[in-house]
Amino acid sequence: MSGPHPAVAAVRSAVRRALSALPADTTALVACSGGADSLALAGALAFEAPRAGRGAGAVTVDHGLQDGSDERAESVAKALHGLGLHPVLVHTVEVGGRGGPEAAARRARYEALDDAVADHAPAVVLLGHTLDDQAETVLLGLARGSGARSLAGMAPRTGHYLRPLLDLDRATVREACDRMGLDAWEDPHNADSRFARSRVRHQALPALERALGPGIAAALARTAGMLRSDADTLDLLAGELYAEASGNAPAAPGGPELAVAPLEAAPESLRTRVLRRAALAAGCPAGALTARHVRELDRLVTEWRGQAHIDLPGGVRGRRVSDRIRFV
């Protein structure tokens, strides 16, 4: 008797490995948009979870950004029920607030997924990001001039979010979806050139493939993995420096205060991480805090000449008072 198609076997194997690392009482919820990647992930979870003696459900999020999105969400939920997943949750969200439409939709989606995890704890959410998604994330980080943490891309696990398919390319995952007999839906936003990720997917990566040859996506994903290991180590060391500079004291009403002396003695890569962390703790929006802001904060430590405060996003100011860096 022949086994499953190699693409199906690869996706199931990835899900099996992810489930094996979880405590026995953890419910696995797959986030499913109805697209080929997340639907293949849902099909693999529905196959593997019973064999592992584990509860498995699904969440689909209706962003309300297109006509008929509620009907689409119900259709996806019906398909997920058909796979045998339980519970199947449909969350309707309102997309708005700061940032562009991509950021707002992502924020609303993750808030809904967080709610689902809280309601079914202990639980995790499986996300259908592939190797190609990882490559796109790295290119977007490069375009923004981001640091190593951003260029490290997406981790296989972040808190209660798991990404079992990061080592599989999109073509393999979509082949698995077809071989499972699942009817996938393609979100038109994925081809909309107004969105940066769409331009990277349909224009930038193909252009790089044509110019440099095949394998660009895999190379970018490998680079992300190596950078992630380095960034994890630097973040660990920066955490120790942060504790030393702040004296392990709770943040003051305006934000943390940092002693200059340990920062002066530290390597720049650690010092700037600590200053960025402190600025975020003081209320700076992460998406608005740039490398330029952090460089100006760093000058309060390394080039102190009595200069005035540094204006930071979110109405925050950083200033040096004697041998302390304060945020107000």
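Not measured: the values here are computed from a predicted model. (Residues numbered from 1 in each chain as written. Predicted model: local features only at pLDDT ≥ 70, side-chain atom pairs only at ≥ 80, totals over all residues. Heavy atoms only, no water.)

This part covers helix α5 (residues 131–144). Given a rise of 1.5 Å per residue, 14 residues ought to cover 20 Å, and the 20 Å separating the end C-alpha atoms of α5 matches this to within 8%. Buried residues dominate α5, accounting for 11 of its 14 residues. For α5, the secondary structure elements touched by its buried residues are α2 (36–51), α6 (148–151), α7 (170–179), α8 (196–212) and α9 (216–246). Directly after α5, the chain includes G145, whose backbone phi takes a positive value near 70 degrees. (Helix = DSSP H or I, 4+ residues; strand = E, 2+ residues; numbered from the N terminus. Expected span 1.5 Å × (residues − 1). Buried < 20%, exposed > 50% of the residue type's maximum accessible area, 1.4 Å probe, protein only. Contact = heavy atoms within 4.5 Å.)

What follows deals with the packing of helix α11 (residues 268–281) against helix α12 (residues 291–302). Axis separation between α11 and α12 bottoms out at 9 Å; the angle between their running directions is 115 degrees. With respect to each other, α11 and α12 are oriented roughly perpendicular. Judged by the twist between their axes, the crossing of α11 over α12 is right-handed. Of the residues in α12, those touching α11 at E268, R271, T272, L275, R276 and A279 are V294, L297, D298, V301 and T302. (Axes fitted to C-alpha atoms, helices over the stretch in contact; angles between N-to-C directions. Parallel < 35°, antiparallel > 145°, perpendicular 65-115°, else oblique. Left-handed = near helix turned anticlockwise from the far one by under 90°.)

Moving on: the sheet that holds strand β2 (residues 56–62). Spatially, 6 strands are ordered β3-β2-β1-β4-β6-β5 in an open sheet, and the strand pairing comes out mixed. Only two strands of the sheet have a single neighbouring strand rather than two, namely β3 (88–92) and β5 (157–158). The pairing of strand β1 (residues 27–31) with β2 spans 4 bridges and is classified as parallel. Of the residues in β2, the one forming a bridge with V30 is A58. In the packing of α2 onto the sheet, the strands contacted are β1, β2 and β4 (123–126), and the crossing angle to β1 comes to about 160 degrees. (Pairing = 2+ DSSP bridges.)

A few words now on the environment of A42. If you trace the backbone, A42 turns up in helix α2. Residue classification places A42 among the buried positions, given a relative accessible area of 0%. In this structure the C-alpha to C-alpha distance between A42 and T26, which are 16 residues apart in sequence, comes to 17 Å.

Per the UniProt entry, the sites bearing "binding site: ATP" (unreviewed entry) are S33, G34, G35, A36, D37 and S38 in this numbering. Inspection of the secondary structure assignment puts G35 in the loop between β1 and α2. With a relative accessible area of 11%, G35 lands in the buried category. According to the relative accessible area criterion, S38 is buried, its value standing at 7%. Among all residues touching S38, those that are not within four sequence positions of it are V30, A31, C32 and S33. A distance of 3.1 Å separates the side chain of S38 from the backbone nitrogen of S33, its partner in a polar contact. (UniProt positions renumbered as here; feature names shortened; annotations may be inferred. Polar contact = N/O pair within 3.5 Å; in protein donor to acceptor, adjacent residues only side chain to side chain.)

Now for a negative patch on the surface. Taken together, the side chains of E111, D114, D115 and D119 make up a negatively charged region of the molecular surface. Inspection of the secondary structure puts E111 in helix α4 (residues 101–119). (Patch = residues over 30% accessible without salt bridge, like charges linked within 9 Å, V, L, I, M, F, W, Y side chains within 5 Å. Areas by Shrake-Rupley, 256 points an atom, 1.4 Å probe, with all protein chains shown as cover. Salt bridge = Lys/Arg side-chain N within 4 Å of Asp/Glu carboxyl O. Lys, Arg positive; Asp, Glu negative; His and termini not counted. Charge placed at Lys NZ, Arg CZ, Asp CG, Glu CD.)

This next bit is on the environment of L263. By the secondary structure assignment, L263 is in helix α10 (residues 260–264). Judged by relative accessible area, L263 falls into the buried class, the value being 0%. Put simply, L263 and P50 are 213 residues apart on the chain and 52 Å apart in space, counted from C-alpha to C-alpha. Among residues more than four places away in sequence, those in contact with L263 are L241, A245, L258, R271, V274, L275 and V301.

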